[in-house]
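Listed below are the residues making up each chain.
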Amino acid sequence: MKTIVLYYSLSGNTKAEAERIAKEENAELCEIQETKKRSRFSAFVPGCLQARQRQTPAIKPLGHPLSNFDRIIIGCPIWAGFPAPAWNAVLQLLPEGKDVSLFFCSASGKTTQSQQGTKDLIAQKGCTLSGYRDIKTGTDKTHG
Ligand SMILES: Cc1cc2nc3c(=O)[nH]c(=O)nc-3n(C[C@H](O)[C@H](O)[C@H](O)COP(=O)(O)O)c2cc1C
């Protein structure tokens, strides 16, 4: 089974987790990058609002056609209770019928506000959600 780990990371926590999972799963690793560079400030304003409204920012081309993979693992930090906006851009690129597994890094390790909506969006893309994991990273320089 061919697997790819896609991740977005602002301060490195999700990156570290994605690297670990990719190694474990013998998967390709691919970073999601927004076209417009995000500062810590613009992560909070307007990033949190964009996350809560599930807005889709422009991202750079992934460089890996997702149709080539059987399983797609996506990692993303949580901003204001919701997946960081880059996650919404990846969602748009998911080919129908894929096996998708998600992990979210946050200071609290909780995604209570957004979890059901996130799962519904994957289902709406015609994909099967085979995993959903919250990873508690604790507070870092970007939070608290
Ligand atoms: C703009 C912003 C908003 C955040 N909002 C939350 C939040 O609502 N709940 C939470 O538990 N952590 C929150 N955090 C903490 C991050 O989710 C956490 O530090 C995560 O591990 C960062 O991942 P990264 O290092 O891959 O960017 C926020 C961080 C940032 C920068």
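One can find the structure itself at the top, above this paragraph.
A brief look at the structure comes next. Remember, it's a predicted structure, so these values are computed and weren't measured experimentally.

### Side note on helix 1 (residues 13-25)
Step number 1: The terminal C-alpha atoms of helix 1, which comprises 13 residues, lie 18 Å apart, in line with the 18 Å expected from a rise of 1.5 Å per residue.
Step number 2: Restricting attention to buried positions, one finds in helix 1 the residues T14, E17, A18, I21 and A22. One side of helix 1 carries all its buried residues, which in axial view fall inside an arc of 135 degrees. Seen from the buried face of helix 1, the exposed residues on the opposite side, beyond 90 degrees, are K23 and E24.
Step number 3: Considering only its buried residues, helix 1 is in contact with strand 1 (3-7), strand 2 (28-31), strand 3 (71-79), strand 5 (99-106) and strand 6 (128-136).
Step number 4: Within two residues after helix 1, N26 carries a phi angle of roughly 55 degrees, on the positive side.

### Observations regarding the site of the ligand
Step number 1: Taken together, the neighbourhood of the ligand is formed by 22 residues, with S9, S11, T14, S108 and T137 sitting nearest.
Step number 2: Contact between the ligand and C105: an oxygen atom at 3.3 Å from a main-chain N or O atom of the residue.
Step number 3: Burial of the ligand by the protein amounts to 94% of the accessible area it has alone, namely 650 Å².
Step number 4: When contributions to the shell around the ligand are tallied by element, the ones reaching two or more residues are helix 1, helix 2 (40-44), strand 3 and strand 5.
Step number 5: For the shell around the ligand, the leading source of residues is strand 3, giving three residues.
Step number 6: Each residue belonging to the shell around the ligand can be placed in one class, and the counts come to ten nonpolar, eleven polar and one charged.

### Digging into the state of the cysteines
Note on terminology: a disulfide is the covalent bond linking the sulfur atoms of two cysteines.
Step number 1: Applying the stated criterion to the full structure yields zero disulfides.
Step number 2: This cysteine, C127, is not joined by any disulfide, and C30 carries the nearest cysteine sulfur, 16 Å off.

### Considerations on the environment of S130
Step number 1: When you line up the elements, S130 lands in strand 6.
Step number 2: It is 9.9 Å that separates the C-alpha atoms of S130 and K98, two residues lying 32 residues apart in sequence.
Step number 3: Not counting chain neighbours up to four residues away, the residues in contact with S130 comprise R71, D99, V100 and S101.
Step number 4: Within the local environment of S130, its side chain forms a polar contact with the side chain of D99, the two groups lying 2.6 Å apart.

Cut-off values and rules
- Residues numbered from 1 in each chain as written.
- Predicted model: local features only at pLDDT ≥ 70, side-chain atom pairs only at ≥ 80, totals over all residues.
- Heavy atoms only, no water.
- Helix = DSSP H or I, 4+ residues; strand = E, 2+ residues; numbered from the N terminus.
- Expected span 1.5 Å × (residues − 1).
- Buried < 20%, exposed > 50% of the residue type's maximum accessible area, 1.4 Å probe, protein only.
- Arc of directions from axis to C-beta.
- Contact = heavy atoms within 4.5 Å.
- Near = heavy atom within 4 Å.
- Polar contact = N/O pair within 3.5 Å; in protein donor to acceptor, adjacent residues only side chain to side chain.
- Areas by Shrake-Rupley, 256 points an atom, 1.4 Å probe, with all protein chains shown as cover.
- Nonpolar A, V, L, I, M, F, W, Y, C, P; charged D, E, K, R; others polar.
- Disulfide = S-S within 2.5 Å.

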